[in-house]
Amino acid sequence: MSALIDIAAAGEPMPPLLPHPDELIIGTIAFAIVFFFLAKKLLPNIKNTLEERREAIEGGIEKADAARTEAESVLEQYKAQLAEARHEAARLRQEATEQGATIVQDMRTEGQRQREEIIAAGHAQIEADRKAASAALRQDVGKLATDLASKLVGESLEDTARQSRTIDRFLDELEAGNTVKTEVAR
């Protein structure tokens, strides 16, 4: 190296750098050994590793695509089931509304029927009570009329058949007079 520095100081042009032939041969052999080692041992391992990584990445991408496709399919199924559930819920609400309206109508009809039965039973009870009261009144009026007639005539009117006919005729005339008055009032 000092020779190069002396040449540079003298101002002479620098000779090209040429390695010594022994160094050139040793360097070439060393390069060939390293190249051979790299080509035979290290390069196939690197290729295998890169190939495995590429396959893993491609497999991961394929798996991700498959998972995405499956997720989209599941999402579509979920949306379809949700739409079907909403439709079913709407149908059930409609049925419940219709059943509720039917039940309300049935209850109204049943209430109307029961009301009519109660009214009919009330009319029947009133008619029965009226007939019972009329019979009791007839009997009481007949007794009073017989007692009064006995006092007026001064004789006893104990003949039951005649007494009954007289009372019936009197009450029939009385009812006929009330019926005519009622019809005229209307």
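Residues numbered from 1 in each chain as written. Predicted model: local features only at pLDDT ≥ 70, side-chain atom pairs only at ≥ 80, totals over all residues. Heavy atoms only, no water.

> Provide a residue-level description of the overall build of the chain, including the pertinent values.
When helices and strands are tallied, the chain shows three helices and zero strands. In the chain, the succession of helices and strands from N to C terminus is α-α-α. Residue burial in the chain is summarised as follows: out of 186 residues, 3% are buried. For the chain, the accessible surface area stands at approximately 16,300 Å², while carbon and sulfur atoms represent 63% of it. (Helix = DSSP H or I, 4+ residues; strand = E, 2+ residues; numbered from the N terminus. Buried < 20%, exposed > 50% of the residue type's maximum accessible area, 1.4 Å probe, protein only. Areas by Shrake-Rupley, 256 points an atom, 1.4 Å probe, with all protein chains shown as cover.)

> I'd like a rundown of the pattern of salt bridges, residues and numbers included.
Tallied over the full model, the rule gives ten salt bridges. For the salt bridge of R115 with E116, the shortest nitrogen-to-oxygen distance reads 3.9 Å. For E116, a relative accessible area of 40% translates into the label partly exposed. Through salt bridges with shared partners, one network takes in E51, R54 and E58. (Salt bridge = Lys/Arg side-chain N within 4 Å of Asp/Glu carboxyl O.)

> Run through the packing of aromatic side chains, naming residues and quoting values.
Tallied over the full model, the rule gives one aromatic pair. Taking the centre distance of 6.2 Å and the plane angle of 20° together, the rings of F31 and F35 count as stacked. In this pair, F31 and F35 are both assigned in helix α2 (residues 21–153), four residues apart and thus about one turn of the helix distant. The exposure classification of F31 matches that of F35, with both residues exposed. (Phe/Tyr/Trp six-rings, centres within 6.5 Å; stacked < 30°, edge-to-face > 60°.)

> Talk me through a nonpolar patch on the surface; I want residue IDs and the actual numbers.
On the surface, V34, F37, L38, L42, L43, I46 and L50 cluster together into a nonpolar patch covering about 600 Å² of accessible area. Residue position: F37 is located in helix α2. (Patch = residues over 30% accessible without salt bridge, like charges linked within 9 Å, V, L, I, M, F, W, Y side chains within 5 Å.)

> Hey, could you go over the confidence of the model for the chain for me, with residue numbers and the actual values?
Note that predicted coordinates carrying low pLDDT should not be read in detail. For the chain, per-residue confidence averages 81 on the pLDDT scale, and residues scoring 70 or more make up 80% of the total. Of all the helices and strands in the chain, helix α1 (residues 2–10) carries the lowest mean pLDDT, 57, while α2 carries the highest, 88. (pLDDT = per-residue confidence, 0-100.)

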